[in-house]
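# Chain and residue survey
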Amino acid sequence: MAVWDWSVFFNNLVHPAILRGVWTTVWLTFVTLILAIVVGTIVALIGRLQSTVASWFYQGYVAFFRATPLLVQLVFLYSALPQMGIRLSVVEAAIIGLTLSESPYVAEVVRSAISAVPPAQWEAGRAIGFRPFTIMRAVVFPQALRIAIPPLGNEFVRQLKNTSLVSAISMAELFRATDNLIQGSFRVLEALSVATIYYLLLTAIWTYAQKAFERRNSHWFAETSAARATPAEPLKLTEA
Amino acid sequence: MSLSNVTSQSAGPFIHLQNVVKHFGTFTALRGISLEIIKGQSVALIGPSGSGKSTLLRCINALEQIQSGIIHVDGERIGMRETAAGPKPLSAKDAARQRQAIGMVFQSFNLFPHMTALENVMSGPTLALGEVTAQARRRALELLDRVRLADKAASFPRQLSGGQQQRVAIARALAMRPNVMLFDEPTSALDPETVQEVLNVIAEVRATRMTMLIATHEMEFARHAADLTVFMEAGAIVEIGPSSEVLTSPKTERCQRFLAGLSGNHAAHRM
Ligand SMILES: Nc1ncnc2c1ncn2[C@@H]1O[C@H](COP(=O)(O)OP(=O)(O)O)[C@@H](O)[C@H]1O
Ligand SMILES: [Mg+2]
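Predicted, not measured: the structure shown is a model, and the values here were computed from it.

About the cut-offs
Residues numbered from 1 in each chain as written. Chains lettered and ligands numbered in written order. Predicted model: local features only at pLDDT ≥ 70, side-chain atom pairs only at ≥ 80, totals over all residues. Heavy atoms only, no water. Helix = DSSP H or I, 4+ residues; strand = E, 2+ residues; numbered from the N terminus. Rg over C-alpha atoms; globule rule 2.2 N^0.38 Å. Buried < 20%, exposed > 50% of the residue type's maximum accessible area, 1.4 Å probe, protein only. Contact = heavy atoms within 4.5 Å. Areas by Shrake-Rupley, 256 points an atom, 1.4 Å probe, with all protein chains shown as cover. Lys, Arg positive; Asp, Glu negative; His and termini not counted. Charge placed at Lys NZ, Arg CZ, Asp CG, Glu CD. Axes fitted to C-alpha atoms, helices over the stretch in contact; angles between N-to-C directions. Parallel < 35°, antiparallel > 145°, perpendicular 65-115°, else oblique. Left-handed = near helix turned anticlockwise from the far one by under 90°. Nonpolar A, V, L, I, M, F, W, Y, C, P; charged D, E, K, R; others polar. Buried area = accessible area lost by both parts, 1.4 Å probe. Salt bridge = Lys/Arg side-chain N within 4 Å of Asp/Glu carboxyl O. Core = buried A, V, L, I, M, F, W, Y, C linked by side-chain atoms within 4.5 Å. Phe/Tyr/Trp six-rings, centres within 6.5 Å; stacked < 30°, edge-to-face > 60°. Lys NZ or Arg CZ within 6 Å of the ring centre and 35° of its normal.

### Observations concerning the overall build of chain B
If you tally the helices and strands in chain B, you get 10 helices and 12 strands. Rg of the C-alpha trace for chain B: 18 Å, near the compact-globule value of 18 Å for 271 residues, within the 12% margin. C-alpha atoms of chain B, sized along the principal axes, occupy 55 × 55 × 40 Å. Buried residues in chain B amount to 57% of all 271 residues. Put simply, of all contacts in chain B between residues at least 6 apart along the chain, 65% involve residues at least 24 apart. Of the roughly 11100 Å² of accessible surface on chain B, 51% is carried by carbon and sulfur atoms.

Structure, rendered in structure tokens:
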């Protein structure tokens, strides 16, 4: 058996099962990242409520989902929940696990983005007579979004790699598809090289798209850094 | 807070502070301020840095909560509501409603950087008052024209000079149709060459008989644009009187020394 067999390599590269796996990896990454952004933003907003219970919830949530390995969460969702009468399909368990495990990272990004908006912006909103919710929605959140987008974009790469773990609960994403080919052909090197190439390619495409987006909208991002550069009033934030 | 003229005039001074005390922790920033301003009056607040000018302005629109004393604007008690069990702090919603009638202009402009000049000026009427967009836009354009920035309606704050940003900020405050305007050192963060354009706009606001308070280091401006001048030091009012008197022949030695220090070191009065 040759060390490297090009025909196996090319065969794997365009193998329908691999291409289906690539597609599964891509949509799983997008869907769960978007859901994690929704969940993480809600968690971050809860964490900002001025209540001890909310702050405990936030700390506990972030600590719990950061401390538990994604693999454990996935097996728990897929194999332990049925014991409690909750039966999830592979896809459901994969989506829920990937979303929950990513959400604390999003929550931290969103939370620090919100605190990066200068207190003077809150003040300006209050002085006009906006209610706190309006200030958050129309003044602070749009600026926090501009601050959060670059770090959230980087989370895509983490999430892309995380999807490989759902192979453990038998979801046929890229890594599982690769593994299946290996089981059939015993050509590990060629198959893993193909998987690696696809992961690299997806990361490269995303990174390029993200940079292009940030460059094309640089004025949009600058609008917030301009706010950060304005001389800030001393921090005075007592609500009447 | 749009009481009719009859009500506000019969209720005495338009802005009425009685023994206002403000603490920051153990530090006392305002030590029992009493002040009466009648409708349409323009009042300059002067005094050394740290004397409590900003704090006083911020208490008047309840950006700061006071520890004792009473503030009334247009007959309404600021930041508090009367209940059977004594005065209670207003809810965030009611405090917001009170601030809608009190315009505030900050030293550092504090425009919303993600909105154009026009959107900044429209933001109050649309987001706080629920005015329809077309109407708010028409009025915002009028206001931008009044501060001579009609051609900058589509510019973002970062594309404007400090003086232009501050004029947008004034238009933004006026868009709420306030009956009081508070200016907190509106020209202190500006390049010298843009100070005058902002002072001119403020003088025009005054010409509409707006009741206003201006913390400022521009003594020349205070002299001709303020009916009254209040000299503060260490959280207390040391001297108050017609601007022409307080600024040209102050009675108290401390005010004399403050004004002498300014003219002796003219460059420092922007600091
Ligand atoms: N949020 C705050 N916390 C603590 N001290 C404050 C705060 N705001 C103002 N002060 C203090 O109150 C005093 C009056 O401040 P300020 O009203 O800003 O003075 P001025 O506007 O006349 O320069 C200063 O000594 C200042 O340090
Ligand atoms: Mg000040």
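### With respect to the overall build of chain A
The helix and strand tally for chain A stands at 10 helices and 0 strands. Its C-alpha atoms put chain A at 75 × 50 × 20 Å along the principal axes. Here chain A holds 240 residues, and 46% of them are scored as buried. When the accessible area of chain A is evaluated, it comes to approximately 12100 Å², of which 69% is carbon and sulfur surface. For chain A, the distance from the average site of its 18 positive side-chain charges to the average site of its 13 negative ones is 4 Å.

### Some points on unusual backbone geometry
Positive phi, normally seen in glycine, also occurs at S170 of chain A, with a value near 70°. Among the residues examined, S170 of chain A registers a relative accessible area of 35% and is labelled partly exposed. Even without a glycine there, the phi angle at A62 of chain B is positive, about 60°. Within the element layout of this structure, A62 of chain B appears in the loop between α2 (53-60) and β4 (68-73). Relative accessible area serves as the criterion here: at 4%, A62 of chain B is assigned to the buried category.

### Topic: the packing of helix α2 (residues 16-48) of chain A against helix α8 (residues 174-185) of chain A
Residue and element names in this part refer to chain A. Where α2 meets α8, the closest approach of the two axes is 7 Å, and the angle between their N-to-C directions is 160°. One finds that α2 runs roughly antiparallel with respect to α8. Helix-helix and strand crossings are classified by hand; for α2 and α8 the assignment is right-handed. Residue-level contacts link A17, I18, G21, V22 and T25 of α2 to L174, A177, T178 and L181 of α8. In terms of residue class, the contact of α2 with α8 is made up of 6 nonpolar, 3 polar and no charged.

### So, the interface of chain A and chain B
If you look at the interface, chain A gives 31 residues, while chain B gives 33 residues. Interface of chain A and chain B: buried area, both sides summed, is about 2800 Å²; carbon and sulfur atoms make up 60% of it. Remark: the boundary between chain A and chain B carries 1 salt bridge. When the shortest N-O distance is used, the salt bridge between E123 of chain A and R58 of chain B registers 2.7 Å.

### Some thoughts on the side chain of K53 of chain B
All names here are of chain B. Positionally, K53 belongs in helix α2. Buried charged residue K53 carries no salt bridge. Nearest counter-charge: E185, at 4.0 Å. Setting aside its immediate chain neighbours within four residues, K53 contacts L45, I46, G47, P48, E185, A215, H217 and M232.

### A word on the nonpolar core
The nonpolar side chains of a soluble globular protein tend to be buried, and buried together. All names here are of chain B. Formed by 60 residues in total, the largest nonpolar core has its most connected members in I15, L17 and L213. Those residues in contact with L17 that lie beyond four places of it in its chain are I33, S34, L35, L56, I60, I70 and I71. Counting 36 residues, the second largest nonpolar core, distinct from the first, contains V105, A173, F183 and A225.

### Observations regarding the packing of aromatic side chains
With the rule as written, the count across this model stands at 13 aromatic pairs over all chains. Pairing W4 of chain A with W6 of chain A gives two aromatic rings, centres 5.4 Å apart and planes at 80°, and the pair type is edge-to-face. Since its relative accessible area comes to 52%, W6 of chain A is described here as exposed. Between W4 of chain A and F9 of chain A the ring centres are 5.2 Å apart and the planes differ by 40°, which places this aromatic pair in the tilted class. A connected cluster of aromatic rings, assembled from ring pairs, spans W4, W6, F9 and F10 of chain A. The side chain of R172 of chain B reaches across the aromatic face of F112 of chain B, ending 4.5 Å from its centre.

### Points about the pattern of salt bridges
Taken as a whole and assessed by the stated rule, the structure comprises 17 salt bridges over all chains. Of the charged contacts, one joins R66 of chain A and E108 of chain A as a salt bridge, the two residues approaching to 3.7 Å between their closest N and O atoms. In this pair, R66 of chain A sits in helix α3 (residues 52-67) while E108 of chain A sits in helix α5 (residues 90-116), placing the two residues 42 residues apart along the sequence. Judged by its relative accessible area of 40%, R66 of chain A is partly exposed. A residue is classified by how much of its surface remains accessible, and E108 of chain A, at 25% relative accessible area, is partly exposed. Through salt bridges that share partners, E123 of chain A together with K22, R58 and E64 of chain B make up one connected network.

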